[in-house]
Amino acid sequence: AQSVTQPDIHITVSEGASLELRCNYSYGATPYLFWYVQSPGQGLQLLLKYFSGDTLVQGIKGFEAEFKRSQSSFNLRKPSVHWSDAAEYFCAVGAMGLTGGGNKLTFGTGTQLKVEL
Amino acid sequence: DVKVTQSSRYLVKRTGEKVFLECVQDMDHENMFWYRQDPGLGLRLIYFSYDVKMKEKGDIPEGYSVSREKKERFSLILESASTNQTSMYLCASSLLAYGYEQYFGPGTRLTVT
């Protein structure tokens, strides 16, 4: 079964500093990988996704992530953090449902990002 | 824009009550999902549906059931609510062809007393 590990529960960065959120996955086949963001009181919004091809993917809000197969990692980065980036970030891996439909996502436990002004 | 709506943002119920959480999506998506979100545990899949009247158990289906009578609507049912079902419940939907890209509703925070 697939799994996702986000080793950092909380991260605090200063506004303008760079950011890297870690994500490690376990999956037997080629993974489909995602990063979602959840602002306080909101549902989840997709930041970016990796299906195949270029291992460096660009997303919304200036985020990017790099797929490293050898390390089973899909870390999220941003060169300069803004105060509005404070939120919870979830990494997820995709897998087919038992009956072949309803492609499921398995989520990590999330990383809470705090931005200091 | 895809819109996923949930019937309530906040809900307070008593132990033993039957609880219905409703989710509606307006983009003709085949797949719909129910998750619960708890601090430190992330999102855990309760049930999902890939077609009308079709459903499949997720990772934590115990104590829950679902209903999908129309394509746009997916209901989560707590037959007899218990305090350990106090949680945030998130609904999501996706296209069959791009099933991994899920769109989420704002969530329902359920408190069972």
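Note that the coordinates shown come from a computational prediction; the quantities given were computed from them, not determined experimentally.

Put simply, an interface is often sized by how much accessible area is lost when its parts join up. Counting residues at the interface gives 22 residues for chain B and 27 residues for chain A. Interface area, chain B with chain A, both sides summed: about 2000 Å², of which 56% is carbon and sulfur. Contact with chain A buries surface across chain B, with Glu56, Tyr100 and Glu101 of chain B losing the most and accounting together for 34% of the total. Here Glu101 of chain B ties to Lys49 of chain A by a salt bridge, and the two come within 2.4 Å at their closest N and O atoms. The greatest single-element share of the side of chain B that touches chain A, amounting to five residues, is contributed by strand β5 (residues 42–51) of chain B.

Now for the sheet that holds strand β1 (residues 4–6) of chain B. Residue and element names in this part refer to chain B. Overall, antiparallel pairing links the four strands, which are arranged β1-β3-β8-β7 in an open sheet. The two strands at the open ends of the sheet, each matched to only one other strand, are β1 and β7 (65–70). Averaged over all adjacent pairs, the angle separating strand axes in this sheet is 20°, with direction ignored. Alignment of strand β3 (residues 19–25) against strand β8 (residues 73–78), held across six bridges, turns out to be antiparallel. When the sheet's bridge partners are listed, Val19 is paired in β8 with Leu78.

Residue and element names in this part refer to chain A. Under the counting rule described, the total for this entry stands at eleven salt bridges over all chains. Measuring nitrogen to oxygen at the nearest pair gives 2.9 Å for the salt bridge that ties Asp8 to Arg22. Here Arg22 lies in the loop between β3 (19–21) and β4 (24–26) and Asp8 lies in the loop between β1 (3–5) and β2 (10–14), a separation of 14 residues in the sequence. We classify Arg22 as partly exposed; its relative accessible area is 39%. Salt bridges sharing partners connect three or more residues here, namely Glu64, Glu66 and Arg77.

To continue, consider the state of the cysteines. All names here are of chain B. Applying the stated rule across the entire model yields two disulfides over all chains. Residue Cys23 pairs covalently with Cys91 via a disulfide, S to S 1.9 Å. Between Cys23 and Cys91 the sulfur-sulfur dihedral comes to about -75°; the bridge is accordingly left-handed. Of this pair, Cys23 sits in strand β3 while Cys91 is found in strand β9 (residues 87–94), placing the two residues 68 residues apart along the sequence. The residues Cys23 and Cys91 share a single accessibility class, namely buried.

Next up on the list: the pairing of strand β6 (residues 44–50) of chain A. Residues and elements named next belong to chain A. In terms of residue burial, β6 counts as a mostly covered element, since five of its seven residues are buried. In the sheet, strand β5 (residues 32–38) pairs with β6 via six bridges, with the strands oriented antiparallel. Paired with Tyr36 across the two strands is Leu46, which belongs to β6. The antiparallel pairing of β5 with β6 creates a hairpin that spans five residues between the two strands, and Gly41 there sits at a positive phi of about 75°.

Here we come to the packing of aromatic side chains. Throughout the structure, instances matching the rule amount to 15 aromatic pairs over all chains. A connected cluster of aromatic rings, assembled from ring pairs, spans Tyr32, Phe34, Tyr36, Phe51 and Phe107 of chain A together with Phe33, Tyr35, Phe48 and Phe104 of chain B. Here the basic side chain of Lys49 of chain A rests over the ring of Phe51 of chain A, its NZ or CZ set 5.9 Å away from the ring centre.

The next point concerns the side chain of Gln6 of chain A. Residues and elements named next belong to chain A. With respect to the helices and strands, the residue Gln6 is situated in the loop between β1 and β2. By relative accessible area, which is 4% here, Gln6 ends up buried. At 3.4 Å, the side chain of Gln6 forms a polar contact with the side chain of Thr111. When residues no more than four places from it in sequence are discounted, the contact partners of Gln6 are Arg22, Trp35, Tyr89, Phe90, Cys91, Gly108, Thr109, Gly110 and Thr111.

Residues and elements named next belong to chain A. The biggest cluster of nonpolar side chains holds 26 residues, and the ones touching the most others in it are Leu19, Trp35, Leu47, Leu48, Phe74, Leu76 and Tyr89. Of all elements in the fold, only β2, β3, β5, β6, β8 (64–68), β9 (73–78), β10 (87–95) and β12 (111–116) reach the threshold of two or more residues within this core. By residue number, the principal contributor to this core is β10, which donates four residues. Every residue in contact with Leu76, bar those within four places of it in the chain, is listed here: Leu19, Glu20, Leu21, Trp35, Leu47, Leu48, Phe63, Glu64, Ala65 and Tyr89.

The rules behind each value
Residues numbered from 1 in each chain as written. Chains lettered and ligands numbered in written order. Predicted model: local features only at pLDDT ≥ 70, side-chain atom pairs only at ≥ 80, totals over all residues. Heavy atoms only, no water. Contact = heavy atoms within 4.5 Å. Buried area = accessible area lost by both parts, 1.4 Å probe. Salt bridge = Lys/Arg side-chain N within 4 Å of Asp/Glu carboxyl O. Helix = DSSP H or I, 4+ residues; strand = E, 2+ residues; numbered from the N terminus. Pairing = 2+ DSSP bridges. Axes fitted to C-alpha atoms, helices over the stretch in contact; angles between N-to-C directions. Buried < 20%, exposed > 50% of the residue type's maximum accessible area, 1.4 Å probe, protein only. Disulfide = S-S within 2.5 Å. Phe/Tyr/Trp six-rings, centres within 6.5 Å; stacked < 30°, edge-to-face > 60°. Lys NZ or Arg CZ within 6 Å of the ring centre and 35° of its normal. Polar contact = N/O pair within 3.5 Å; in protein donor to acceptor, adjacent residues only side chain to side chain. Core = buried A, V, L, I, M, F, W, Y, C linked by side-chain atoms within 4.5 Å.

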